[in-house]
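# Fold and contact review
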Amino acid sequence: MTTSRARAALLILPLTLGLAACSGAADGSETTGSGGPIAVTASDTACEVARTEAPAGTVEFAVTNSGTKVNEFYVYAEGDRIMGEVENIGPGLSRTFHVELAEPGTYQTACKPGMVGDGIRADFTVTGSSAAAKSDDEKLTAATTDYQRYVSSQADEFLEETTEFVGLVKAGKVEEAKALYPTARSYWERIEPVAESFGDLDPKIDGREDVVEEGMEFTGYHRLEKDLWETGLRSDSGAIADRLLADVTELVAKAKAVELNPLQLANGSKALLDEIATGKITGEEERYSHTDLWDFEANFEGSKAAIQALRPFLREADPDLVATIDSRGTALGDLLETHRDGDGFVLYTELTPADVKKLTEALDAFAEPVATVAGAVAKG
Amino acid sequence: MEASSRRAVLAAGAGTAVAGAAAGLTWASRPAAAGPGAGAPDAPADGVVPFRGAHQAGITTPAQDRLHFVALDVVTSDPEELRALLTAWTRAAERMTAGAEAAPGGTVGGGPYGVPEDTGEALDLAAANLTVTIGYGPSLFDERFGLGARRPGALRELPAFAGDDLDPARSGGDLCIQACADDPQVAVHAVRNLVRMGFGVVAVRWSQLGFGRTSSTSTSQVTPRNMFGFKDGTANLKAEDPVALDEHVWVDGAEAAGGAGWLAGGSYLVARRIRMHIEVWDRSTLQDQQDTIGRDKKVGAPLGQRDEFEEPDLAAVAADGQPRIPVDSHVALAHPSNLDGVRILRRGYNFTDGSDGQGHLDAGLFFIAFVRDPFRQFVPMQQALARADKLNEYIEHTGSALFACPPGLRDGQDWGTQLFA
């Protein structure tokens, strides 16, 4: 289970695709209006920009460092978002660069003598009508449709397996219930960020014993985990199982109806890896059954599924990123396979500290590029 | 052992009656300050240490107050990935040592949906004389990256020393980054951002924070004290003595022969994590402590002398006929006269890693030395100390590593092209 903050973040992300950086190729519009590149003279104490206005489109700057320190030149949009920059301009050197300023509005230019501080800033106005480059809306729309299909299929399986698990618990078939437990949960773990976005259902289904500290009753999968592995089935285990099935039924209906946007896919793929890093690789999630590696694999698969849906878009937007994600994903998958035991995995308690370190390294390596997918999607 | 050494201490101390006598953790006398233009780098007033030059910064740079040292293993099998990382590291390190973000606009410039390229905790801080020094371990030159022919002759595993209690999880590494700064957050920021850039290519093997320099590497610095309360590094090699640096610190072109030519002008870095048994030391008498070190505790003078920078007189004899500076004291054993003239550039840091679980401080000296040849300098010195040093009662070496640090970068050059060129 994630924190409530992470849950909120996933839900409130607005759909603002296509409006962000738009650093794609210009659509043949005029460069920098009339008069060629805008000259910028950067000294150690001043930043003289020859013209402070340009029509929307590709703007060209020619920056000359007349000072004694290494200088940089930036064009910022609101909130200090960088639209373009040129760095490492040595004393006496000149650099020319292009920046896409597709949206009319007020920007800022800045020189940074010595590369530090906020820089010497001035307003820069972009006029005219929006020259926004065409975004890859179709590919991104297809991505969300694909992924929703995946969520839906996992949700169906989750309900089916939970129904069977609940039946086994109520029939007192402890060994069979224990065998099914990690498999049934894997459907939840694959779509965890979506499932968790329904605030109060998450702690009821997947809450660990600490939810008691928050004034809630300890119910759901982990309560039954404790019963099966630790205390033996109790007088209220059957009732807990019934409630679990009711909660899962409600959740599945909601999950199948959820509308997702491409940013949520991207953030979800990262959130699943965060789940591994903070809950599974530490052995916290499955504290009685120690079946954490089943969850690890399911989170990992869910993360890859979201990336897979975005792949047609990413392959064009950032092919290097796709290659990195693929090779690091393969490495992580291969490493996880070394801990396979039959249809499942060895228990967390059988891992050595060196095993855990290797898994952590491979996870870090995969998560870093995956974390940048949202930025690529936002750029459109 | 305990009893006999205590008797020896009493014998050596009795009859000396040399209050304010003399001592110090290192050996030769202070080198004469070189004249102007000798290339002695004073800390620039604006707190920025030049990143490029004939030698890497962070070696003869006046020792900053704080350290974050990290040893890493390469986890990729692709030499191109390693080379690209070294190139990317160069850019980020050069930026950060200038006080800039690891990448332009790295903290917020990527916009709300981007992952910040700089972690941000040094955003409002000065450069704080940050230096980032890189080194390569013996294991980097195995068969994985085709670097075997470039392995320098003296880059091989250090021998075992008597009394070592090395933890493999605190030893070795394919490469290292030494980040020093006058602000701990600046040093930690540098390592954190470089490590992060390396995920998937390198992984941290171990790291060490140091909170106080234990050596002066310039005559402009006062001699600091180590966790034993003694001045440390009095007789260290200093930046102002380029002749001695050439003799004892920098690898010369003839030594860096063949494929190892990349190391000419570089140096070897020896790192040793030395745990001090602080509580045991603290209940030792002043005389016991001074005889162990061979220097006076307050002034730092060699026993039998008055001034910190006086040359230890190892022949001086007290009234009882015993040497004023005990023959098994740290100063006597580490003195160049007992080591065929060997000297080293020390650049270590005090550390405290909290407590050890038994209520004792997990503290000591993170020893760093730069040498021209570890097997002609550090190894014989440490063998002599490991055999007989009275200090061994109070210390234990728990980590060890050796790295070869390339020379400084020319304009336009980076660590990737320097190593793989």
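These numbers were taken from a predicted model, which means no experiment stands behind them.

Scoring rules and cut-offs
- Residues numbered from 1 in each chain as written.
- Chains lettered and ligands numbered in written order.
- Predicted model: local features only at pLDDT ≥ 70, side-chain atom pairs only at ≥ 80, totals over all residues.
- Pairing = 2+ DSSP bridges.
- Helix = DSSP H or I, 4+ residues; strand = E, 2+ residues; numbered from the N terminus.
- Axes fitted to C-alpha atoms, helices over the stretch in contact; angles between N-to-C directions.
- Domains from an automatic or database assignment.
- Contact = placed C-beta atoms within 7 Å.
- Nonpolar A, V, L, I, M, F, W, Y, C, P; charged D, E, K, R; others polar.
- Expected span 1.5 Å × (residues − 1).
- Buried ≥ 20, exposed ≤ 12 C-beta atoms within 10 Å, placed from the backbone.
- UniProt positions renumbered as here; feature names shortened; annotations may be inferred.

### Looking at the sheet that holds strand E8 (residues 105-111) of chain A
Residues and elements named next belong to chain A. Read across the sheet, five strands follow the order E3-E9-E8-E5-E6 without closing on themselves; strand pairing throughout is mixed. Since the sheet does not close on itself, it has two edges, and those belong to strand E3 (53-55) and strand E6 (81-89), each with one partner. Taking the axes of each pair of neighbouring strands and ignoring which way they run, one obtains an average angle of 20° across the sheet. Across six bridges, the pairing between strand E5 (residues 71-77) and E6 is antiparallel.

### Focus: the domain arrangement of chain A
One can read the domain layout of chain A as domain 1 (4-17 + 136-379) and domain 2 (38-127). The straight-line distance from the C-alpha centre of domain 1 of chain A to that of domain 2 of chain A is 45 Å.

### A short note on the interface of chain A and chain B
With 24 residues of chain A in contact, the opposing surface of chain B contributes 17 residues. The set of elements that each furnish at least two residues to the side of chain A that touches chain B consists of E5, E6, helix H11 (353-371) and helix H12 (373-379) of chain A. Top contributing element to the side of chain A that touches chain B by residue count: H11(A), with five residues. Its residues assigned to classes, the side of chain A that touches chain B comprises eleven nonpolar, four polar and nine charged.

### Here we look at helix H2 (residues 79-97) of chain B
All names here are of chain B. Over its 19 residues, H2 extends 27 Å from the first C-alpha to the last, a length consistent with the 27 Å expected when each residue adds 1.5 Å. Listed in full, the buried residues belonging to H2 are Leu 82, Leu 85, Leu 86, Trp 89, Thr 90, Ala 92, Ala 93, Arg 95, Met 96 and Thr 97. The secondary structure elements touched by the buried residues of H2 are strand E1 (66-74), strand E2 (131-136), helix H3 (184-197), strand E4 (202-210) and helix H9 (415-420). Two residues or fewer past H2, Gly 99 is found with a positive phi of approximately 90°.

### Things to note about helix H2 (residues 137-170) of chain A
Over its 34 residues, H2(A) runs 49 Å from end to end, which matches the ideal 50 Å to within 8%, given 1.5 Å per residue. Positive phi shows up at A:Gly172, right after H2(A), with a value of about 75°.

### Examining the UniProt feature "domain: Dyp-type peroxidase N-terminal" (unreviewed entry) in chain B
Here the UniProt feature "domain: Dyp-type peroxidase N-terminal" (unreviewed entry) sits at residues 56-211 of chain B. End C-alpha to end C-alpha, residues 56-211 of chain B measures 22 Å, and it is 21% helix and 20% strand.

### Description of the domain arrangement of chain B
It is common to report an interface's size as the accessible area lost on association of the parts. Residue and element names in this part refer to chain B. Per the domain assignment, the segments making up chain B are domain 1 (2-43 + 138-171 + 211-420) and domain 2 (66-130 + 176-210). Between domain 1 and domain 2, the contact holds 23 residues from the first and 21 residues from the second. Broken down by secondary-structure element, the contributors of at least two residues to the side of domain 1 that touches domain 2 are strand E6 (267-276), strand E8 (349-355), strand E10 (395-405) and H9. The leading source of residues in the side of domain 1 that touches domain 2 is H9, at four residues.

### Focus: the sheet that holds strand E7 (residues 94-101) of chain A
All names here are of chain A. Pairing is mixed across the open sheet formed by four strands, whose spatial order is E2-E1-E4-E7. Two strands bound the open sheet, and with one partner strand each, they are strand E2 (47-49) and E7. For this sheet, the mean inter-axis angle between neighbouring strands, taken without regard to orientation, is 25°. Bridge count between strand E1 (residues 38-42) and strand E4 (residues 57-65): five bridges; the pairing is parallel. Within the sheet, the bridge partner assigned to Thr 41 lies in E4 and is Thr 64.

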